[in-house]
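# Observations on the three-dimensional arrangement
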Amino acid sequence: MARIAVEPLLDRSVERCLDLDEVDAPAQAQVMEESPGDAAAHMPVVPVAWGPFVDNFGKTAAATGEDMYEPVPFTESTWNVIVVLGFAQASRLDVAIALLLVCLSASMQIVFASIALSPSFLGARFKDLVNPAKSWRLNTAHDHTFLDLAGVSLAGRVCSGDSSLVYSNEQLSILTRINQYLQLEWEPTSENFMVPSPLPPGPILCMLCISLWVLYVCCELRSTFMCVEALAYVRRGEVTAIVSRTLLTAISRSRLGALYGVNALRVCICLALLVSGTQWLSQTTSIQDLILNSVALGALLDVDRIIFAGMMPVRMQTAVTDLEAIPVKYTRKRSSAEAAIVLVFTGAVAILSYIFLVNPLCEGMLAVKKQMCGGNTDFVVAHNLQTDLFEGMFSNNFSSSADLTLLNLAVQDATVFSRDPLDAKYITFHSQQSIFDLWRSRDVESVTTDPLSSNHCSDFDAMLYANADTTPWSRRLRIMFNLVKDRLGRAQAAGCADLREFCGMKESNLLRYLCPVTCGCSSPYTDIIWRVPRHGCTPGCLSKAEEVISEYACRDTTIALGILNETMHQWFHWSLLELGLDADHTLSHQIRSGYVDTFEKYGCAALDWRPRDPFTNHLFCEGGPMLPPLAHDPDNIGCPKSCTSCKDDPQVAVSAFVSRMLEKHIVQALAAFARAKTRSHTFLQIYLFRIVPMPRQQGCVKLTQSSCPFIVPQHANFVFRRLMPVAPT
């Protein structure tokens, strides 16, 4: 029958109980075919010094043929120095150093374990970042002050992974880790912007590293338990006995208790590091750091071996390494059970770690990204402290801003030329901070009314090209023209004539300033909406237009032409724009439609009962900052006659607006008489209200101060002089 004979020849260089190096050929198991009669001749050879269990060893092997003894060596660790204390033939200093190193090793691992369990080491959980992410989104991400030169909001830049950020780099770092861990995309329109891939690399690598760390701990625990079991096979004695400094034949109870205590401390440290290390790995959100952290945790378990190899006195090292291994009975069932236990333990820790640590981490990451980048990110807001209103503006998308804007091109151009301002193509440079601040905050109206250009009314082509760059002002005009033509997409334009078609655009204020003649600022026939300084027309050109207007007859536009209707449409468009109101709002639309329909039906006569803009309260006849007056418009465009800005016609009835103003002042006069309790109050009241309808029918020439002698003079004079300056007095 087949039979196994084992000779436990041990290698003294073994470092771990479970990590045995290869043994020499004579020490390996030898399989031999023998007859039953020769079985007794090949019993395993066991050292005599292990007395109490030699007979049991032989009987077990002989009886079953399945049991065997595994040698358990003393590992090269500071924990095993306690075994050889007093037997190493070392000096007292070596013994003192050895004891100090044992305490140092234990204290270092205890400190490591305690620090690893502290919240400061584990760090904040990812779900704790949800509220800070929400606060950043609500307070900073959409602040208009962080809008970049390309018109992209801070939220749009962070959520799109802009690496050129100056602010919110911490938020960008968090999003970078989230996207790498869950394999999410940066592009907001992508399907995987908020939905992780089916096999995200972060959780998978995390589970592998946790499993590796659990195997590290299992190896340490298994080595500890094997050493404790091996000590149980050593005979108890009054004193410890080591034969020839290599064979441990007996151990005292005090030394055995110390070794049991040390190994119990090892187990506690291992379990503490297992818990803290698993939590640490599960909260490591950087893929690059996961493997490094798992290896670093393994080094914590090797502190005792590192100190033993690097600092322990040589006498003590030799004494530990020379000790013979202790054989421990190891059955086939036990071997299978241990392997199953390690496998189940590793799998259980991995599964529990995923359920309670890794999966909540992934959910926390998605919650943080949702708070930071969920919904619309392309807008900015501002708080107007004067009106206490919140104003918003839609910003550009980060992906759409990948192409260089004109401002980007201006900056790029400024980075390559010398400090000579003549080299600048788009930027006007200033030598003083005060001048820079002045031009940085100027609006179009302040530029058009500037003394250098307010009285000027001609296109700047001649100055731009005939006398180019002779003065700082001409250089500024050249830069302005470069900006205008490039912004309009006409980089090859040579002068104002090439840009005439853009004069009627809202954004062409600068073009109207540079080319006032071409754009019709000096012509009364041009669209009246643009003929104001706020839209680029200089006062000099507007004066020329008024000179032309004065030559026209005093008559209103004809209703049939429909020009006034279009004029009122444009008026209300700019009126709402001036106030920042939504032109499509239901109420705004209804009011605007009512006014436009009235002027379409009655023409300039509608000014009698609708003289003011319902939104800005500007008089249609007088105009506003962005709106020209209807009283100063020429042939078939405005209402100069109804606005009383030209000679009064005796045959035309005075407007109902004048009548209402007269009524208002008459009521004030009656109130004054009532307070004075004048006897003629009743008669005056009847007389005055009889003549109030008269202006509607008889015209300005019929309404004179002599027609109503009892009106308080100051009120009558106010009405006549203010509203009918050319009427007979």
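Details of the structure are given in the entry above.
Note that the structure is a prediction, hence the values are computed from the model and not measured.

With that settled, consider the overall build of the protein chain. Scanning the protein chain from N- to C-terminus turns up 26 helices and nine strands. Counting over 729 residues, the protein chain shows a buried share of 42%. A separation of at least 24 residues holds for 67% of the contacts in the protein chain among residues at least 6 apart in sequence.

Residues Ile178, Tyr181, Trp213, Leu273, Val368 and Met372 are the most contacted members of the largest nonpolar core, which totals 52 residues. The contacts of Val368, once residues within four sequence positions are left out, are Phe126, Leu129, Val130, Ala133, Ile174 and Ile178. Core analysis: the second largest hydrophobic core is formed by 37 residues, Val102, Ala106, Met226 and Leu256 among them.

The subject of this paragraph is the side chain of Ser160. Within the secondary structure layout, Ser160 lies in the loop between helix 6 (154-159) and helix 7 (169-182). A polar atom in the side chain of Ser160 sits 2.9 Å from the backbone oxygen of Gly156. Excluding residues that lie within four positions of it along the chain, Ser160 makes contacts with Trp186, Pro188 and Phe398.

To continue, consider the state of the cysteines. What makes a disulfide is a covalent bond joining the sulfur atoms belonging to two cysteines. Applying the stated criterion across every chain, the model contains five disulfides. Between the sulfur atoms of Cys457 and its disulfide partner Cys541 the distance amounts to 2.0 Å. Disulfide Cys457-Cys541: torsion about the S-S bond near 110 degrees, hence right-handed. Here Cys457 is found in the loop between helix 16 (444-448) and helix 17 (461-465), whereas its partner Cys541 is found in helix 20 (residues 539-549), with 84 residues between them in sequence. You'll find Cys457 and Cys541 in the same group, each marked buried. The side chain of Cys496 participates in a disulfide bridge whose partner is Cys515; the two sulfur atoms lie 1.9 Å from each other. Torsion about the S-S bond of the Cys496 and Cys515 cystine: about -75 degrees, corresponding to left-handed handedness. You can see Cys496 sitting in the loop between helix 18 (472-487) and helix 19 (509-514) and its partner Cys515 sitting in the loop between helix 19 and helix 20, a full 19 residues away along the chain. Not engaged in a disulfide, the cysteine Cys219 finds its nearest cysteine sulfur in Cys218; these two sulfurs lie 8.8 Å apart. Here Cys268 stays free of any disulfide, with the sulfur of Cys270 as its closest cysteine sulfur at 9.3 Å.

Turning our attention to the packing of aromatic side chains. Applying the stated rule across the entire model yields three aromatic pairs. Judged by centre distance (4.8 Å) and plane angle (45 degrees), the ring pair of Phe121 and Trp280 falls under tilted. Remark: Trp280 occurs in helix 9 (residues 253-282) and Phe121 occurs in helix 4 (residues 119-122); sequence separation between them is 159 residues. Residues Trp213 and Tyr216 carry aromatic rings whose centres are separated by 6.4 Å and whose planes lie at 45 degrees to one another, so their mutual orientation is tilted.

One pass over the structure, following the stated rule, counts 13 salt bridges. With a closest N to O distance of 3.9 Å, Asp304 and Arg305 form a salt bridge. For Arg490, the salt bridge is made with Glu501, and the minimal N-O distance between the two is 2.8 Å. Taken together, the positions of Arg490 in the loop between helix 18 and helix 19 and Glu501 in the loop between helix 18 and helix 19 put the pair eleven residues apart, joining distant regions of the chain. Exposure remark for Glu501: the relative accessible area of 56% places this residue in the exposed category. A single salt-bridge network, built from bridges that share partners, covers Glu220, Arg266, Asp302, Asp304 and Arg305.

What the three strands build is an open sheet, ordered 4-6-5; its pairing is mixed. Of all the strands in the sheet, the pair left with one neighbour each is strand 4 (235-237) and strand 5 (241-243). Strand-to-strand twist in this sheet, taken as the mean axis angle between neighbours without regard to direction, amounts to 30 degrees. Alignment of strand 4 against strand 6 (residues 247-252), held across three bridges, turns out to be parallel. Bridge pairing links Gly237 to Ser252 in strand 6.

Glancing now at the packing of helix 5 (residues 130-139) against helix 13 (residues 332-373). Relative to each other, helix 5 and helix 13 sit at 10 degrees, their axes nearing to 8 Å. Taken together, the axis directions place helix 5 and helix 13 in an arrangement best described as roughly parallel. Residues Val130, Ala133, Lys134, Trp136 and Arg137 of helix 5 lie in contact with helix 13, whose contacting residues are Gly364, Ala367, Val368, Lys370, Gln371, Met372 and Cys373. Of the residues contributing to the contact of helix 5 with helix 13, the split by class is seven nonpolar, two polar and three charged.

Quick look at the pairing of strand 8 (residues 379-384) now. As paired strands, strand 8 and strand 9 (residues 389-394) are joined by six bridges and run antiparallel to one another. Counted as the bridge partner of Asn384 is Leu389 from strand 9. Counted along the chain from strand 8 to the antiparallel partner strand 9, the turn is four residues long, and its residue Asp388 has a positive phi close to 60 degrees.

Positive phi outside glycine occurs at Ser244, with the angle close to 55 degrees. Examined against the element boundaries, Ser244 turns out to sit in the loop between strand 5 and strand 6. For Arg245, which is not a glycine, the phi torsion comes out positive at approximately 60 degrees. Position of Arg245 relative to the elements: it lies in the loop between strand 5 and strand 6.

Contact geometry of helix 9 with helix 10 (residues 287-301) gives a least axis separation of 11 Å together with a crossing angle of 170 degrees. Between helix 9 and helix 10, the crossing angle belongs to the class labelled roughly antiparallel. Contact residues: Cys270, Leu273, Gly277, Trp280 and Leu281 in helix 9; Leu290, Asn293, Ser294, Leu297, Leu300 and Leu301 in helix 10. Along the lines of polarity and charge, the residues of the contact of helix 9 with helix 10 split into eight nonpolar, three polar and no charged.

On the surface, a cluster of nonpolar side chains totalling about 530 Å² of accessible area is made up of Ile351, Leu352, Tyr354, Ile355 and Phe356. Within the secondary structure, Ile351 is located in helix 13. Residue class for Ile351 comes out exposed when judged on its relative accessible area of 54%.

Further remarks concern the side chain of Ser197. Within the element layout of this structure, Ser197 appears in the loop between helix 7 and helix 8 (201-232). Among the polar contacts listed, one links the side chain of Ser197 to the side chain of Gln183, at a separation of 2.9 Å. When near neighbours in sequence (up to four residues on either side) are disregarded, Ser197 contacts Leu182 and Gln183.

Rules of the game
- Residues numbered from 1 in each chain as written.
- Predicted model: local features only at pLDDT ≥ 70, side-chain atom pairs only at ≥ 80, totals over all residues.
- Heavy atoms only, no water.
- Helix = DSSP H or I, 4+ residues; strand = E, 2+ residues; numbered from the N terminus.
- Buried < 20%, exposed > 50% of the residue type's maximum accessible area, 1.4 Å probe, protein only.
- Contact = heavy atoms within 4.5 Å.
- Core = buried A, V, L, I, M, F, W, Y, C linked by side-chain atoms within 4.5 Å.
- Polar contact = N/O pair within 3.5 Å; in protein donor to acceptor, adjacent residues only side chain to side chain.
- Disulfide = S-S within 2.5 Å.
- Phe/Tyr/Trp six-rings, centres within 6.5 Å; stacked < 30°, edge-to-face > 60°.
- Salt bridge = Lys/Arg side-chain N within 4 Å of Asp/Glu carboxyl O.
- Pairing = 2+ DSSP bridges.
- Axes fitted to C-alpha atoms, helices over the stretch in contact; angles between N-to-C directions.
- Parallel < 35°, antiparallel > 145°, perpendicular 65-115°, else oblique.
- Nonpolar A, V, L, I, M, F, W, Y, C, P; charged D, E, K, R; others polar.
- Patch = residues over 30% accessible without salt bridge, like charges linked within 9 Å, V, L, I, M, F, W, Y side chains within 5 Å.
- Areas by Shrake-Rupley, 256 points an atom, 1.4 Å probe, with all protein chains shown as cover.

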